[in-house]
Amino acid sequence: MLAFRKARRKLRMGTICSPNPSGTKAASEVCNADWMASLPPHLHNVPLSNLAIPGSHDSFSYWVDEKSPVGPDQTQAVKRLARISLVKKLMKKWSVTQNLTFREQLEAGIRYFDLRVSSKPGDTDQEIYFIHGLFGIKVWDGLMEIDAFLTQHPQEIVFLDFNHFYAMDEAHHKCLVLRIQEAFGNKLCPACSVESMTLRSLWEKKCQSPENLTIRELFDSVLNLPAILDWVKTQKPGAMGVNIITSDFVDLVDFATTVIELNDLLEDRALTKC
């Protein structure tokens, strides 16, 4: 299932997906692919805004094209400096804030994606790319990767937050919307208040994307992952608690699993209908 928010302005413990000779669970090896479906029945009735949901910051930035032009999200000063090859290499280092692909993030339990998009200078078509300093993969390719996961895991919900748009006119925006509709089809569903939306209500409607959501994102990005994990462990989801918690480099620690396990703190709640 898929939740989608487009703005012109601005988990239960998993199983090991592959063996690790060291005997430890690297985040990329922990499989939380069906953590929403595996939540206890009383949590199926809890508004999505009250669940603890792990997300990734600059979710698409696991690959950027060092040979591409500098993106329109950068200043003219940066663009001038980037004519020096060494500067371009340095840009690539800070542009990459994830190590896992969309599919790998989803399997690790990530359910919220922070997405920034742009057209590319010189392109004559309406192609749109992910952007973070340098251009990433085509948006269409990312959507297809996410859709393939959703097809295999029909009870999982993914929030796509398109929140930054660069060098895009009305035609580009229309193209983006059409691409999203083409990629996900009936996995998208009409807009509904996230405060009244639950896993059960979405499953019953066989909807796979509440559109134009406003979601509480209470924590964004990390510099010191172990310290952030300690902070996460002290949090509690619910109406007045955390909702979506996002991080850079979600594979470096048990970030997703730690956020998912916060849902164990939730008590039984009454089902709220959309």
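The following paragraphs examine the structure supplied in this document. Nothing here was measured: the structure is a model prediction, and the numbers come from that model. Here the residue index of a chain counts from 1 through its sequence in written order. Whole-chain, interface and lining totals are the exception, using all residues; otherwise, since this is a predicted model, local features are given only for residues with pLDDT of at least 70 and side-chain atom pairs are given and counted only at 80 or more. With hydrogens and water set aside, each side-chain value is computed from the structure's full complement of heavy atoms.

## Description of helix 7 (residues 225–233)
Logical step 1: Buried residues of helix 7: Leu 225, Ile 228, Leu 229 and Val 232, and no others. Around the axis of helix 7, the buried residues are gathered within 105° of arc, so they sit on the same side. Of the exposed residues in helix 7, those oriented more than 90 degrees away from the buried face are Pro 226 and Asp 230. Partly exposed describes any residue whose relative accessible area lies between the buried limit of under 20% and the exposed limit of over 50%, with all areas from a 1.4 Å probe on protein chains only and scaled to the type maximum. Think of it this way: any DSSP run of H or I at least four residues long counts as a helix, any run of E at least two long counts as a strand, and we number them from the N terminus. The arc refers to the directions leading from the helix axis to the C-beta atoms.

## Here's the deal with the pairing of strand 5 (residues 112–119)
Logical step 1: Among the 8 residues of strand 5, 8 are classified as buried, and the element is accordingly described as predominantly covered.
Logical step 2: Of the two faces of strand 5, the one holding Tyr 112, Asp 114, Arg 116 and Ser 118 and the one holding Phe 113, Leu 115, Val 117 and Ser 119 are both buried throughout.
Logical step 3: DSSP bridges decide pairing: two strands pair if at least two such bridges lie between them. Sheet analysis places strand 4 (residues 53–56) next to strand 5, joined by 2 bridges and oriented parallel. Opposite Gly 55, over in strand 5, you have Tyr 112 as the bridge partner.
Logical step 4: Strand direction decides the pairing type here: strand 5 and strand 8 (residues 158–166), joined by 7 bridges, are parallel. Bridge pairing in strand 8 links Ser 118 to Tyr 166.

## Focus: the packing of helix 4 (residues 139–152) against helix 5 (residues 170–184)
Logical step 1: Fitting a line to C-alpha atoms yields each axis, with helices limited to the stretch in contact; the angle taken between N-to-C directions then spans 0 to 180 degrees. Taken N-terminus to C-terminus, the directions of helix 4 and helix 5 make an angle of 25°; their axes are 9 Å apart at the nearest point. One element, helix 4, and the other, helix 5, form an angle in the roughly parallel class. Relative to helix 5, helix 4 is oriented so that their crossing is right-handed. Residues Val 139, Trp 140, Leu 143, Met 144, Ile 146, Asp 147 and Leu 150 of helix 4 pack against Leu 176, Arg 179, Ile 180, Glu 182, Ala 183 and Phe 184 of helix 5.
Logical step 2: Under the scheme applied, nonpolar residues are Ala, Val, Leu, Ile, Met, Phe, Trp, Tyr, Cys and Pro; charged residues are Asp, Glu, Lys and Arg; polar residues are all the others, including Gly. Residue classes in the contact of helix 4 with helix 5 are distributed as 10 nonpolar, no polar and 3 charged. Roughly parallel here means an angle under 35 degrees, roughly antiparallel means over 145, roughly perpendicular means 65 to 115, and every remaining angle is called oblique. Handedness of a crossing is defined here by the sense of rotation of the near helix relative to the far one, left-handed for an anticlockwise turn of less than a right angle and right-handed for a clockwise turn. Here, residues are in contact when the closest pair of their heavy atoms is within 4.5 Å.

## Thoughts on a nonpolar patch on the surface
Logical step 1: Candidate patch residues must exceed 30% relative accessible area and have no salt bridge, after which like charges are joined if within 9 Å and Val, Leu, Ile, Met, Phe, Trp or Tyr side chains if within 5 Å. Each accessible area value is a Shrake-Rupley result obtained with a 1.4 Å probe; residue values ignore everything except the protein chains displayed when judging cover. Whenever Lys or Arg places a side-chain nitrogen within 4 Å of a carboxyl oxygen from Asp or Glu, that contact is recorded as a salt bridge. Judged by side-chain polarity, Leu 81, Ile 84, Leu 86 and Leu 90 come together as a nonpolar surface patch covering roughly 390 Å² of accessible area.
Logical step 2: Tracing the backbone shows Leu 90 in helix 2 (residues 85–95).
Logical step 3: Judged by relative accessible area, Leu 90 falls into the partly exposed class, the value being 47%.

## Remarks on the pattern of salt bridges
Logical step 1: Scanning the model with the defined rule gives 9 salt bridges in all.
Logical step 2: Note that Arg 103 is salt-bridged to Glu 107, the shortest N-O span being 3.1 Å. Here Glu 107 and Arg 103 lie together in helix 3 (residues 102–108), a separation of 4 residues that amounts to about one turn.
Logical step 3: What makes Glu 107 partly exposed here is its relative accessible area of 25%.

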